[in-house]
Every structure is written in C-alpha cells, then in structure tokens.
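Here is how the chains run, residue by residue.
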Amino acid sequence: MLTVTSYTAEQVKDPFGILSGQRYEFVIKLDVPEEDELYTENGVSVRAIVKVENGQTSIVNYDLQDSLSGELLDFELEEDEEAELFQFCSEHLPE
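Reading guide: rules and limits
Residues numbered from 1 in each chain as written. Predicted model: local features only at pLDDT ≥ 70, side-chain atom pairs only at ≥ 80, totals over all residues. Heavy atoms only, no water. Phe/Tyr/Trp six-rings, centres within 6.5 Å; stacked < 30°, edge-to-face > 60°. Helix = DSSP H or I, 4+ residues; strand = E, 2+ residues; numbered from the N terminus. Pairing = 2+ DSSP bridges.

### A look at the packing of aromatic side chains
Moving on, step 1. All told, the structure shown has two aromatic pairs when counted by the stated rule.
Moving on, step 2. For the pair tyrosine 7 and phenylalanine 26, a centre-to-centre distance of 6.5 Å together with 25° between the ring planes defines the contact as stacked. On the criterion of sequence distance, the pair formed by tyrosine 7 in strand β1 (residues 4–12) and phenylalanine 26 in strand β2 (residues 22–30) is long-range, its members being 19 residues apart.
Moving on, step 3. Pairing tyrosine 7 with phenylalanine 88 gives two aromatic rings, centres 5.1 Å apart and planes at 90°, and the pair type is edge-to-face. Of the two residues, tyrosine 7 sits in strand β1 while phenylalanine 88 sits in helix α1 (residues 79–91), which places them 81 residues apart along the sequence.
Moving on, step 4. One aromatic cluster in this structure is built from Tyr7, Phe26 and Phe88.

### Examining the pairing of β2
Moving on, step 1. Two strands pair when backbone bridges link them, and β1 and β2 are joined in this way by eight bridges, in the antiparallel orientation. Counted as the bridge partner of alanine 9 is phenylalanine 26 from β2.
Moving on, step 2. Taken together, the nine bridges between β2 and strand β3 (residues 44–53) define a ladder with antiparallel strand orientation. From the neighbouring strand, leucine 30 faces β3, where its bridge partner is valine 44.

So, in structure tokens, the structure goes:
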C-alpha cells in the first residue's frame, strides 16, 4: 500500500500543440517502511505524467526516484501499487 506524505501536481504546458489531451506532472513523496525493497535513506518519490483526454485518464509514465537527489531508482511498482497511484492521481488532478 502506498502512503503519500505530500505531493505536487501541475499542468504540463505544450507550447507547440503537439500533444493530444492535457498532461499533468505529479511528484508524490511516499512514506516507505525500512523493510520494504523500495526504501532509501533519503526517501522515495514518484514522478508521474498523467494524461486526460476525452474524459479518460491514464498514466503515461512514472519513475521512482530518491527524494533528496532525484536519482532514478531501478524499481517498478507492483500492479496493485500502480492501481493505487492511478487512483490517487485521478482524484487529485488540478482544476
């Protein structure tokens, strides 16, 4: 289960009009227990790009990163955690 401690969400600007729909960038800081394989001393964040088009929301891409350095971590979320991430982003889209 993902435990969110803080997040930011903002619309990604497309100055050239190339992308269809609207894109949003989420940076979500997670509380990860020490015994979890995702744990790092500096904390773990998820950077997710979310697309909204024709009323449909999807996660285009996400990366796990060290919260302090921003270094990408070589892990992926489990299927149920990806579903939780999708649910969280869908519920917290900026107006």
